[in-house]
Amino acid sequence: MAVAASLLLGVVTVATAPAASAMPFGHYTVDIPDRYDFHTWILSFSPCGDGCVWVNSRAQPVARAYTFVEQAHLADGHYTFDVDDPFGLRCDNVYYGPTVPTHDVYTWDATALTGALQSSFDAGCDGAPGGTLTYPFTLTRM
């Protein structure tokens, strides 16, 4: 009887164990040191299926920040999602200056919790040409 119970516990443990490359769910701070922004960002991750997490953003302060809920998908050990941010590129005064909309693609390693944000825009600040800026970032579980 004890052997059967032990075997059953082993099967349950294996069946409910998270995938090796899946990150723990919860709340994370996002450190993007090279981005010209005055916000502190918090991303909350919750399950949405195999290889999928819901990403819920929260900016602190909430002033002139685009909060979003997106799905990130896991492939080859990396999560990726994209979002269109109406305030993505800040020009001149970081608090009160004009902003430029961006298309942002976040990609990070599910284990190391480090990645890059690629932020693309059709036209830059003050009529400068469009382009793409890449910012490294780190996720830290709260």
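Above this text sits the structure in question.
Residues numbered from 1 in each chain as written. Predicted model: local features only at pLDDT ≥ 70, side-chain atom pairs only at ≥ 80, totals over all residues. Heavy atoms only, no water.

### As for the state of the cysteines
Here is step 1 of the chain: Considering all chains together, one arrives at 2 disulfides under this definition.
Here is step 2 of the chain: Disulfide pairing is shown between Cys48 and Cys52; the S-S distance is 1.9 Å. A torsion of -85 degrees about the S-S bond marks the disulfide between Cys48 and Cys52 as left-handed.
Here is step 3 of the chain: For Cys48, a relative accessible area of 26% translates into the label partly exposed.
Here is step 4 of the chain: Given a relative accessible area of 6%, Cys52 falls into the buried group.
Here is step 5 of the chain: What pairs with Cys91 in a disulfide is Cys125, and their sulfur atoms sit 1.9 Å apart. An S-S torsion of about -80 degrees defines the bridge between Cys91 and Cys125 as left-handed. (Disulfide = S-S within 2.5 Å. Buried < 20%, exposed > 50% of the residue type's maximum accessible area, 1.4 Å probe, protein only.)

### Section: the pattern of salt bridges
Here is step 1 of the chain: Per the stated rule, a full pass over the model turns up 2 salt bridges.
Here is step 2 of the chain: Arg35 is the salt-bridge partner of Asp104, the closest N and O atoms lying 3.5 Å from each other. Of this pair, Asp104 sits in strand β6 (residues 99-109) while Arg35 sits in the loop between β1 (26-31) and β2 (40-49), and the two are 69 residues apart along the sequence.
Here is step 3 of the chain: Residue Arg35 is classed as buried on the basis of its relative accessible area, which comes to 10%.
Here is step 4 of the chain: Asp37 serves as the salt-bridge partner of Arg90, at 3.2 Å between the closest nitrogen and oxygen. In this pair, Arg90 is assigned in strand β5 (residues 78-90) and Asp37 in the loop between β1 and β2, connecting sequence segments 53 residues apart. (Salt bridge = Lys/Arg side-chain N within 4 Å of Asp/Glu carboxyl O. Helix = DSSP H or I, 4+ residues; strand = E, 2+ residues; numbered from the N terminus.)

### Here's the deal with the packing of aromatic side chains
Here is step 1 of the chain: Within the structure shown, the criterion is met by 12 aromatic pairs.
Here is step 2 of the chain: Considering the side-chain rings of Tyr28 and Phe45, the 5.2 Å spacing of their centres and the 70 degrees angle between planes classify their relative orientation as edge-to-face. On the criterion of sequence distance, the pair formed by Tyr28 in strand β1 and Phe45 in strand β2 is long-range, its members being 17 residues apart. Considered together, Tyr28 and Phe45 belong to a single accessibility category, that of buried residues.
Here is step 3 of the chain: Relative to Trp108, the ring of Tyr79 lies with its centre 5.5 Å away and its plane at 25 degrees, an arrangement referred to as stacked. Pair noted here: Tyr79 is in strand β5 and Trp108 is in strand β6, with a separation of 29 residues, a long-range link. A single burial state applies to Tyr79 and to Trp108, both of which are buried.
Here is step 4 of the chain: Here the aromatic cluster, defined as three or more aromatic residues joined through ring pairs, consists of Tyr28, Phe45, Tyr66, Phe68, Tyr79, Phe81, Tyr106, Trp108 and Phe137. (Phe/Tyr/Trp six-rings, centres within 6.5 Å; stacked < 30°, edge-to-face > 60°.)

### Brief notes about the side chain of Arg90
Here is step 1 of the chain: Residue classification places Arg90 among the buried residues on the basis of a relative accessible area of 7%.
Here is step 2 of the chain: A polar atom in the side chain of Arg90 sits 3.2 Å from the side chain of Asp37.
Here is step 3 of the chain: Polar side-chain contacts of Arg90 include one of 2.5 Å to the backbone oxygen of Arg64.
Here is step 4 of the chain: Apart from residues no more than four positions distant in its own chain, Arg90 is found in contact with Tyr36, Asp37, Phe38, His39, Arg64, Pro98, Thr99 and Cys125. (Polar contact = N/O pair within 3.5 Å; in protein donor to acceptor, adjacent residues only side chain to side chain. Contact = heavy atoms within 4.5 Å.)

### Some thoughts on the pairing of strand β8 (residues 129-141)
Here is step 1 of the chain: By the bridge criterion, 4 bridges tie β1 to β8 in an arrangement that is antiparallel. Bridging across to β8, Val30 finds its partner in Leu139.
Here is step 2 of the chain: What sits between the antiparallel neighbours strand β7 (residues 114-123) and β8 is a turn of 5 residues, in which Asp126 has the positive phi angle 55 degrees. (Pairing = 2+ DSSP bridges.)

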